[in-house]
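# Close look at the chain arrangement
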Amino acid sequence: TYPLFVGVFGSLFFGERFRPRTLGSIVLCLAGAVLVARDGSGANAVGDALALLSALLAGLAINVVKRISAHENPFAVYLSPCLLGLPLFVFASPGANLAKAAGDPAGLALLIAVGTLAVVAQALMVYGYREAPAGSGSVVFYWETALTVALGALFAGEEPNARFVAGLAVILLGLKFDRGFGAPQKQRPPAR
(Lines give C-alpha, C1' and ligand atoms only; values in the text may rest on other atoms or scores of the structure.)
Protein backbone atom coordinates (compact mmCIF):
# COMPACT_ATOMS: atom_id res chain seq x y z
CA THR A 1 0.00 0.00 0.00
CA TYR A 2 2.90 2.40 0.43
CA PRO A 3 2.85 3.83 -3.13
CA LEU A 4 -0.53 5.32 -2.22
CA PHE A 5 1.02 7.03 0.81
CA VAL A 6 3.99 8.18 -1.29
CA GLY A 7 1.60 9.96 -3.64
CA VAL A 8 -0.53 11.43 -0.87
CA PHE A 9 2.43 12.74 1.15
CA GLY A 10 4.13 13.99 -2.03
CA SER A 11 1.04 16.05 -2.84
CA LEU A 12 0.35 17.26 0.70
CA PHE A 13 3.84 18.13 1.91
CA PHE A 14 6.08 18.48 -1.12
CA GLY A 15 3.84 20.00 -3.80
CA GLU A 16 4.31 17.08 -6.17
CA ARG A 17 1.65 16.64 -8.83
CA PHE A 18 -0.29 13.43 -8.56
CA ARG A 19 -1.24 12.40 -12.10
CA PRO A 20 -4.75 10.89 -12.50
CA ARG A 21 -3.22 7.96 -14.38
CA THR A 22 -0.90 7.25 -11.44
CA LEU A 23 -3.82 7.41 -9.02
CA GLY A 24 -5.78 4.96 -11.20
CA SER A 25 -2.77 2.69 -11.38
CA ILE A 26 -2.34 2.74 -7.61
CA VAL A 27 -6.03 1.90 -7.11
CA LEU A 28 -5.72 -1.09 -9.47
CA CYS A 29 -2.45 -2.25 -7.91
CA LEU A 30 -3.90 -1.82 -4.43
CA ALA A 31 -6.92 -3.95 -5.39
CA GLY A 32 -4.53 -6.60 -6.67
CA ALA A 33 -2.47 -6.42 -3.49
CA VAL A 34 -5.63 -6.92 -1.40
CA LEU A 35 -6.43 -10.04 -3.44
CA VAL A 36 -2.88 -11.32 -2.92
CA ALA A 37 -2.98 -10.57 0.83
CA ARG A 38 -6.45 -12.06 1.26
CA ASP A 39 -5.78 -15.28 -0.60
CA GLY A 40 -7.38 -17.40 2.15
CA SER A 41 -4.13 -18.26 3.90
CA GLY A 42 -5.32 -16.75 7.20
CA ALA A 43 -3.33 -13.53 7.53
CA ASN A 44 -2.87 -12.13 11.03
CA ALA A 45 -4.74 -8.85 11.72
CA VAL A 46 -1.90 -7.54 13.94
CA GLY A 47 0.59 -8.25 11.17
CA ASP A 48 -1.64 -6.44 8.69
CA ALA A 49 -1.90 -3.42 11.00
CA LEU A 50 1.88 -3.29 11.44
CA ALA A 51 2.35 -3.61 7.68
CA LEU A 52 -0.06 -0.71 7.14
CA LEU A 53 1.88 1.42 9.64
CA SER A 54 5.08 0.44 7.84
CA ALA A 55 3.54 1.51 4.52
CA LEU A 56 2.53 4.86 6.00
CA LEU A 57 6.07 5.51 7.27
CA ALA A 58 7.59 4.27 3.98
CA GLY A 59 5.38 6.72 2.08
CA LEU A 60 6.91 9.58 4.00
CA ALA A 61 10.44 8.13 3.81
CA ILE A 62 10.33 7.73 0.02
CA ASN A 63 9.45 11.40 -0.37
CA VAL A 64 12.35 12.40 1.88
CA VAL A 65 14.68 10.07 -0.07
CA LYS A 66 13.51 11.75 -3.28
CA ARG A 67 14.49 15.18 -1.94
CA ILE A 68 17.80 14.05 -0.41
CA SER A 69 18.86 12.11 -3.53
CA ALA A 70 19.20 15.35 -5.47
CA HIS A 71 22.16 16.36 -3.29
CA GLU A 72 23.59 13.23 -1.66
CA ASN A 73 25.31 10.03 -2.75
CA PRO A 74 22.73 7.19 -3.00
CA PHE A 75 24.90 4.81 -0.98
CA ALA A 76 25.18 7.36 1.83
CA VAL A 77 21.41 7.88 1.75
CA TYR A 78 20.75 4.16 2.11
CA LEU A 79 23.51 3.42 4.61
CA SER A 80 22.26 6.09 7.01
CA PRO A 81 19.13 4.10 8.04
CA CYS A 82 21.27 0.97 8.22
CA LEU A 83 23.58 2.65 10.73
CA LEU A 84 20.65 4.08 12.68
CA GLY A 85 19.00 0.65 12.73
CA LEU A 86 22.12 -1.25 13.78
CA PRO A 87 21.59 -0.63 17.53
CA LEU A 88 18.19 -2.33 17.21
CA PHE A 89 20.07 -5.56 16.51
CA VAL A 90 20.50 -6.04 20.27
CA PHE A 91 16.71 -6.49 20.51
CA ALA A 92 16.71 -9.32 17.95
CA SER A 93 15.44 -12.62 19.23
CA PRO A 94 18.18 -14.51 21.09
CA GLY A 95 16.93 -17.65 19.37
CA ALA A 96 17.39 -16.13 15.92
CA ASN A 97 19.33 -18.31 13.55
CA LEU A 98 21.71 -15.50 12.62
CA ALA A 99 24.57 -16.91 14.71
CA LYS A 100 23.96 -20.38 13.29
CA ALA A 101 23.89 -19.03 9.73
CA ALA A 102 27.06 -17.00 10.35
CA GLY A 103 28.85 -20.15 11.58
CA ASP A 104 27.84 -22.12 8.49
CA PRO A 105 29.80 -21.25 5.31
CA ALA A 106 26.72 -21.61 3.09
CA GLY A 107 24.61 -19.58 5.54
CA LEU A 108 27.27 -16.90 5.77
CA ALA A 109 27.50 -16.69 1.98
CA LEU A 110 23.72 -16.33 1.80
CA LEU A 111 23.74 -13.53 4.42
CA ILE A 112 26.47 -11.68 2.52
CA ALA A 113 24.64 -12.12 -0.80
CA VAL A 114 21.32 -10.88 0.62
CA GLY A 115 22.99 -7.90 2.29
CA THR A 116 24.92 -6.97 -0.85
CA LEU A 117 21.88 -7.27 -3.12
CA ALA A 118 19.78 -5.19 -0.70
CA VAL A 119 22.36 -2.37 -0.63
CA VAL A 120 22.66 -2.35 -4.43
CA ALA A 121 18.88 -2.46 -4.89
CA GLN A 122 18.31 0.40 -2.45
CA ALA A 123 21.05 2.52 -4.02
CA LEU A 124 19.49 1.96 -7.46
CA MET A 125 16.13 3.02 -6.00
CA VAL A 126 17.67 6.27 -4.75
CA TYR A 127 19.22 6.90 -8.19
CA GLY A 128 15.82 6.23 -9.78
CA TYR A 129 14.06 8.76 -7.56
CA ARG A 130 16.44 11.44 -8.81
CA GLU A 131 14.76 11.11 -12.20
CA ALA A 132 11.16 10.09 -11.46
CA PRO A 133 8.39 11.76 -9.48
CA ALA A 134 8.01 9.97 -6.15
CA GLY A 135 4.35 9.05 -6.77
CA SER A 136 4.74 7.42 -10.17
CA GLY A 137 8.18 6.07 -9.28
CA SER A 138 6.79 4.18 -6.31
CA VAL A 139 4.19 2.41 -8.45
CA VAL A 140 7.03 0.39 -9.95
CA PHE A 141 7.46 -1.27 -6.57
CA TYR A 142 4.29 -3.27 -7.11
CA TRP A 143 6.55 -5.43 -9.29
CA GLU A 144 8.03 -6.56 -5.97
CA THR A 145 4.84 -8.49 -5.18
CA ALA A 146 4.78 -10.19 -8.57
CA LEU A 147 8.46 -11.09 -8.45
CA THR A 148 8.21 -12.36 -4.86
CA VAL A 149 5.40 -14.72 -5.84
CA ALA A 150 7.25 -15.93 -8.93
CA LEU A 151 10.51 -16.48 -7.05
CA GLY A 152 8.67 -18.13 -4.14
CA ALA A 153 7.10 -20.61 -6.55
CA LEU A 154 10.41 -21.15 -8.33
CA PHE A 155 12.77 -21.48 -5.36
CA ALA A 156 10.64 -22.17 -2.26
CA GLY A 157 8.04 -24.52 -3.71
CA GLU A 158 5.15 -22.17 -2.87
CA GLU A 159 1.92 -22.77 -4.75
CA PRO A 160 -0.13 -19.60 -5.31
CA ASN A 161 -3.90 -20.16 -5.46
CA ALA A 162 -6.34 -18.69 -7.99
CA ARG A 163 -7.05 -15.54 -5.92
CA PHE A 164 -3.32 -14.92 -5.63
CA VAL A 165 -2.87 -15.23 -9.39
CA ALA A 166 -5.89 -12.97 -10.02
CA GLY A 167 -4.37 -10.36 -7.68
CA LEU A 168 -1.11 -10.47 -9.60
CA ALA A 169 -3.00 -10.03 -12.87
CA VAL A 170 -4.73 -6.93 -11.47
CA ILE A 171 -1.38 -5.56 -10.25
CA LEU A 172 0.15 -6.07 -13.70
CA LEU A 173 -2.88 -4.34 -15.25
CA GLY A 174 -2.38 -1.41 -12.86
CA LEU A 175 1.30 -1.19 -13.78
CA LYS A 176 0.44 -1.18 -17.47
CA PHE A 177 -2.24 1.45 -16.86
CA ASP A 178 0.35 3.80 -15.31
CA ARG A 179 2.56 3.54 -18.39
CA GLY A 180 -0.29 3.67 -20.94
CA PHE A 181 -1.75 0.95 -23.12
CA GLY A 182 -0.98 2.25 -26.59
CA ALA A 183 2.21 2.08 -28.59
CA PRO A 184 4.83 4.54 -27.41
CA GLN A 185 4.41 7.89 -29.09
CA LYS A 186 7.35 9.30 -30.94
CA GLN A 187 8.77 12.54 -29.63
CA ARG A 188 8.87 15.35 -32.15
CA PRO A 189 12.13 17.21 -32.46
CA PRO A 190 11.95 20.75 -31.08
CA ALA A 191 11.06 23.47 -33.59
CA ARG A 192 13.90 25.69 -34.66
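Just so we're clear, the structure is a prediction, and the values are computed from it rather than from any experiment.

Another point: the packing of helix H2 (residues 20–37) against helix H9 (residues 162–179). The N-to-C vectors of H2 and H9 enclose an angle of 170°; their axes lie 7 Å apart at closest approach. By the angle between their axes, H2 is roughly antiparallel relative to H9. Here the residues of the contact of H2 with H9 are counted per class, giving 14 nonpolar, six polar and four charged.

A separate point is a nonpolar patch on the surface. Nonpolar side chains collect at one region of the surface, where Val8, Leu12, Phe13, Phe14, Leu60, Val64 and Ile68 lie side by side and expose about 580 Å² of accessible area between them. Those elements giving two or more residues to the nonpolar patch turn out to be helix H1 (2–14) and helix H3 (45–69). The element that contributes the greatest number of residues to the nonpolar patch is H1, accounting for four residues. Considering the arrangement of structural elements, one finds Leu60 in helix H3. For Leu60, a relative accessible area of 35% translates into the label partly exposed.

Looking now at the packing of aromatic side chains. What the rule picks out here adds up to two aromatic pairs. A ring pair is formed by Phe9 and Phe13, whose centres lie 5.6 Å apart and whose planes are at 20°; its orientation type is stacked. Residue Phe9 and its partner Phe13 are both found in helix H1; the two are separated by four residues, about one turn of the helix. Given the relative accessible area of 53%, Phe13 is considered exposed. Three or more aromatic residues joined by ring pairs make a cluster, and in this case those are Phe5, Phe9 and Phe13.

As for its placement among the helices and strands, Lys66 is situated in helix H3. Buried and unpaired, Lys66 has no salt bridge, with Glu16 as the nearest side chain of opposite charge at 5.3 Å. Each residue touching Lys66, except ones within four places of it in the same chain, is listed here: Glu16, Tyr129, Arg130, Ala132, Pro133 and Ala134.

Residue-level pLDDT values for the protein chain average 77, and 83% of them are 70 or greater. Across the protein chain, the element-wise mean pLDDT spans from 61 in helix H5 (residues 98–103) up to 84 in H3. Overall, residues 183–188 carries pLDDT values under 50, and its contacts beyond four positions in sequence, including any with other chains, amount to zero contacts.

In this section: the environment of Phe18. When you line up the elements, Phe18 lands in the loop between H1 and H2. As a C-alpha pair, Phe18 and Ala134 span 116 residues in sequence and 9.3 Å in three-dimensional space. For Phe18, the contacting residues outside a window of four places in its chain are Gly7, Ser11, Leu23 and Ile26.

Now for the pattern of salt bridges. Going through the model one piece at a time under the given rule, you end up with one salt bridge. The shortest N-O distance in the salt bridge between Glu16 and Arg67 comes to 3.3 Å. With Glu16 in the loop between H1 and H2 and Arg67 in helix H3, this residue pair connects regions lying 51 residues apart in the sequence. Judged by relative accessible area, which is 27%, Arg67 ranks as partly exposed.

Calculation notes
- Residues numbered from 1 in each chain as written.
- Predicted model: local features only at pLDDT ≥ 70, side-chain atom pairs only at ≥ 80, totals over all residues.
- Heavy atoms only, no water.
- Axes fitted to C-alpha atoms, helices over the stretch in contact; angles between N-to-C directions.
- Helix = DSSP H or I, 4+ residues; strand = E, 2+ residues; numbered from the N terminus.
- Parallel < 35°, antiparallel > 145°, perpendicular 65-115°, else oblique.
- Nonpolar A, V, L, I, M, F, W, Y, C, P; charged D, E, K, R; others polar.
- Patch = residues over 30% accessible without salt bridge, like charges linked within 9 Å, V, L, I, M, F, W, Y side chains within 5 Å.
- Areas by Shrake-Rupley, 256 points an atom, 1.4 Å probe, with all protein chains shown as cover.
- Salt bridge = Lys/Arg side-chain N within 4 Å of Asp/Glu carboxyl O.
- Buried < 20%, exposed > 50% of the residue type's maximum accessible area, 1.4 Å probe, protein only.
- Phe/Tyr/Trp six-rings, centres within 6.5 Å; stacked < 30°, edge-to-face > 60°.
- Lys, Arg positive; Asp, Glu negative; His and termini not counted.
- Contact = heavy atoms within 4.5 Å.
- pLDDT = per-residue confidence, 0-100.

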